[in-house]
Amino acid sequence: MSDNKNIKFSDEALALCNKLMKRYPEGKQKSAILPILHLAQAEFGGWLSAPTMDYVASILKIQSIEVYEVASFYSMFNLKPVGKCVIEVCRTGPCWLMGAEDLVKYIEKKLNIKEGQTTADGMFTLKTVECLASCGTAPMMQIGETYHENLSFEKCEKILDDYKNKGEEISHYRKERIKNQSEIKQ
Amino acid sequence: MGRQLLINDLDKEGIQSLSGYKANGGYTALEKALKMNPEEIVEEVKKSGLRGRGGAGFPTGMKWSFIAKPPGVPRHLVCNADESEPGTFKDRFLMEKKPHILIEGMIISSFALGANVSYIYIRGEMMYVYHILEKAIQEAYDANLLGKNILGSGYDLDVYMHVGAGAYICGEETGLIESLEGKRGNPRIKPPFPAVKGVWDRPTVVNNVETIAAVVPIINMTGDEYAKIGIGKSTGTKLISASGHINKPGVYEIELGVPVEEFIYSDKYCGGIRNGKKMKAVVAGGSSVPILPTELILKTAKGEPRLMSYESLSDGGFVTGTMLGSGGFIVMDEDTSIVKNLWNFTRFYHHESCGQCSPCREGTGWMEKVLHKFLDGHATIADIDLLWDIQGKIEGKTICPLGEAAAWPVAAAIRHFRSEFEEYVTNGKNLKDVKHYYRINNLQTA
């Protein structure tokens, strides 16, 4: 086990973890691993370090290896540090037919990075991902929970500039949602 | 023709909320269902002829009737909202626009199956839809449509959201169950089937979003009336996700049996091919089903008009036909490179193979590499036969159908577009330098 001392969920995130674990039968709290790893990514800088995964294991009362093997299987979990904004461009068939390949090249040129890399200022990481079920509005990219669809180069440029100007850290699981859980009683 | 049962009222104000949904007739099917016996509901669904809308097309009523009922063991309904078949986006559309039809369908279906705790497994990328559904669920609890003693019926039900994290394989029902248990999404060997031993070894039914939503109109109108819609054994309506080089991409609800030609060219649906181009090929049911060239998608080998139905699309088997699948309808124009598109699909399956079965884990990677040789201009004629050989050694030799899903597109592309592979062999270097003659969407002005 790594040193967990500095890794701790906020009170709100911990309360949400407890709600999530209660969704499954007694003794089956391991089922909450995917939702809790999403929370961990939102709380701890957009990626899952080994100590973060050990911490999640301690919450779920399972072995660390059980968290590692799951975290490494699912493509939404980042096992290395990422930028504040992770750009996920869909590269699969229907998006490709509509020019996704050119879109990726455009973003690479604009940000001066290659796919899989992070900009020097730590603002953006560029990932390509598989079909995001947005084929009718191709090409598209996802940033955090937001789908940006029907993209052109200009539209893409404006979106990236907006994120850069705001400079906020964006996660898949909405952080405001962790703070305000009024709609999540179950 | 042209009845819509699922997305007929999306223009109504507030249809996303409980009050808007109820104002437009929502939850009347639930009130009706709670006065029926669970067996009667299963019977209505059987009569309706409803078939699984996720891709396999298995009769839903029959699937329900297989659920084991050992005394004292809880049963579960799990909604498969892990929509990830390339070309398919209907479930996301439906859940986002009309979340309560799914919740209402979940309650009726859970009641029919005798489940008191049910789950909606949604893919992690659709996190914003996850929040929409969580809100809808909370509204339903507040209105006693969920929770204890629903509408005074004595029936208790909890519905919980569960979120995935990016894995195509979790759309396979046993992969989904493994994932719901908090593990890697490795599909299970069957039998035992989920209806006997599913999540946490309990009897489980996994149904697609659209399938569960369709139960609502079936209860409202009766199974017999629903079965009158459509054609033959393809009853009811189906959501079709239309994408690619068409004028009007989007989600369309059709009565099964609409001619393919009408679907592609009518302004009511896809509105024809963009920029005045000609159509080259169609993948009719999501990336896994065989691609067909224009002449075979519009007409069967016998020369009859091809219809949007399970039977008509599969007419001719895999030699000249395809499948309705998930209804992911991808249209390609004359500039599309079939070989490069195939490489893209094959890379997808290689990426998404869970790695359990060697034929799939290794074979998808080999096929991707061989296809890359074509694109780079290094392939020989023997590589066409090699591809054919590899795909044949994956099909039918894996635990789950991802093997077939990876093999079929390769077989169909070679079968119908062999000359294009040959062109890459003879002229591949030039094709690489000039263009892959695939269409570049005009991103500058889109």
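Residues numbered from 1 in each chain as written. Chains lettered and ligands numbered in written order. Predicted model: local features only at pLDDT ≥ 70, side-chain atom pairs only at ≥ 80, totals over all residues.

K.L.:
Any details on the overall build of chain B? Residues and values, ideally.
P.N.:
Per the secondary structure count, chain B includes 18 helices and 11 strands. Here chain B has a C-alpha radius of gyration of 22 Å; the compact-globule value for 446 residues is 22 Å, and the two agree. Each principal axis of the C-alpha atoms in chain B carries an extent, and together these give about 75 × 45 × 45 Å. Among the 446 residues that make up chain B, the fraction classed as buried is 55%. (Helix = DSSP H or I, 4+ residues; strand = E, 2+ residues; numbered from the N terminus. Rg over C-alpha atoms; globule rule 2.2 N^0.38 Å. Buried ≥ 20, exposed ≤ 12 C-beta atoms within 10 Å, placed from the backbone.)

K.L.:
Lay out the overall build of chain A in plain terms, naming residues and giving numbers.
P.N.:
Each helix and strand counted, chain A has eight helices and four strands in total. The order of α-helices and β-strands along chain A, N terminus first, is α-α-α-α-β-α-α-β-β-β-α-α. The globule rule puts the C-alpha radius of gyration for 186 residues at 16 Å, and the 18 Å found for chain A is close to it. The buried share of chain A, taken over its 186 residues, is 45%.

K.L.:
Break down the domain arrangement of chain A for me, with residues and values.
P.N.:
For chain A, the assigned domains are domain 1 (11-71) and domain 2 (85-166). For domain 1 of chain A versus domain 2 of chain A, the separation of C-alpha centres amounts to 29 Å. (Domains from an automatic or database assignment.)

K.L.:
Before we move on, can you summarise the sheet that holds strand S3 (residues 158-163) of chain B with the specific residues and values?
P.N.:
All names here are of chain B. Taken together, four strands build an open sheet; the order of strands is S3-S2-S1-S4 and the sheet is parallel. Two strands in the sheet have a free side with no partner beyond their single neighbour: S3 and strand S4 (204-208). If you compare each strand with its neighbour and ignore which way they point, the axes differ by 20 degrees on average. With six bridges joining them, strand S2 (residues 117-122) and S3 adopt parallel strand pairing. Of the residues in S3, the one forming a bridge with Tyr-121 is His-162. (Pairing = 2+ DSSP bridges. Axes fitted to C-alpha atoms, helices over the stretch in contact; angles between N-to-C directions.)

K.L.:
I'd like a description of the pairing of strand S8 (residues 250-255) of chain B, backed by residues and values.
P.N.:
All names here are of chain B. Across the six residues of S8, five count as buried, placing the element largely inside the fold. As judged from the six bridges shared by strand S7 (residues 237-244) and S8, these two strands associate in the antiparallel manner. Looking at S8, one finds that Ile-240 is bridged to Tyr-252. Between S7 and S8, which pair antiparallel one after the other, the connecting turn spans five residues.

K.L.:
Help me get a handle on the sheet that holds strand S2 (residues 124-129) of chain A, residues and values and all.
P.N.:
Residue and element names in this part refer to chain A. Pairing is mixed in the open sheet, where four strands are placed in the order S2-S1-S3-S4. The open sheet has two edge strands, S2 and strand S4 (146-148), and neither has a second partner. Within the sheet, the average angular offset between the axes of one strand and its neighbour, ignoring direction, is 25 degrees. Relative to S2, strand S1 (residues 85-90) runs parallel, the two sharing six bridges. Residue Val-86 lies in a different strand from S2, and its bridge partner there is Thr-125. Lying on the sheet, helix H6 (residues 100-111) is in contact with S1 and S2; it crosses S1 at an angle near 155 degrees. (Contact = placed C-beta atoms within 7 Å.)

K.L.:
Explain the packing of helix H5 (residues 90-97) of chain B against helix H7 (residues 127-142) of chain B residue by residue, including any values.
P.N.:
Residue and element names in this part refer to chain B. In contact at an axis separation of 9 Å, H5 and H7 are set at 40 degrees when each is read in the N-to-C sense. By the angle class used here, H5 and H7 are oblique. Between H5 and H7 the crossing geometry is left-handed. For the pair formed by H5 and H7, the contact residues are Arg-92, Met-95 and Glu-96 on the first element and Val-129, Ile-132 and Leu-133 on the second. (Parallel < 35°, antiparallel > 145°, perpendicular 65-115°, else oblique. Left-handed = near helix turned anticlockwise from the far one by under 90°.)

K.L.:
Report on the nonpolar core, specifying residues and quantitative values.
P.N.:
In this structure, Ile36(A), Leu37(A), Cys79(B), Ile108(B), Ile120(B) and Ile122(B) are the most contacted members of the largest nonpolar core, which totals 190 residues. Residues within four places of Ile122(B) in sequence aside, it is in contact with Ala81(B), Asp82(B), Val129(B), Tyr130(B), Leu133(B), Met161(B), Val163(B) and Gly164(B). (Core = buried A, V, L, I, M, F, W, Y, C linked by C-beta atoms within 7 Å.)

K.L.:
So what about helix H1 (residues 11-21) of chain A? Which residues, and what values?
P.N.:
Residue and element names in this part refer to chain A. Where H1 is concerned, the buried positions are Ala-13, Leu-16, Cys-17, Leu-20 and Met-21. Seen along its axis, H1 keeps its buried residues to an arc of 135 degrees; they face one direction. Of the exposed residues in H1, those oriented more than 90 degrees away from the buried face are Asp-11 and Asn-18. Lining the buried residues of H1 we find helix H2 (33-43), helix H3 (50-60) and helix H8 (175-179). (Arc of directions from axis to C-beta.)

K.L.:
Explain the environment of Pro290(B) to me, and be specific about the residues and the numbers.
P.N.:
Residue and element names in this part refer to chain B. By the secondary structure assignment, Pro-290 is in the loop between strand S9 (279-283) and strand S10 (291-293). For the pair formed by Pro-290 and Trp-64, sequence separation is 226 residues and the distance between their alpha carbons is 29 Å. Contacts of Pro-290, omitting those with residues within four sequence positions, involve Phe-318, Thr-322, Trp-408, Pro-409 and Ala-412.

K.L.:
Which residues make up the domain arrangement of chain B, and what are the values?
P.N.:
Residue and element names in this part refer to chain B. The assigned domain composition of chain B is domain 1 (18-228), domain 2 (231-333) and domain 3 (338-434). Using C-alpha coordinates to define each centre, domain 1 is positioned 36 Å away from domain 3. Of the residues belonging to the side of domain 1 that touches domain 3, the class tally is five nonpolar, three polar and one charged. (Nonpolar A, V, L, I, M, F, W, Y, C, P; charged D, E, K, R; others polar.)

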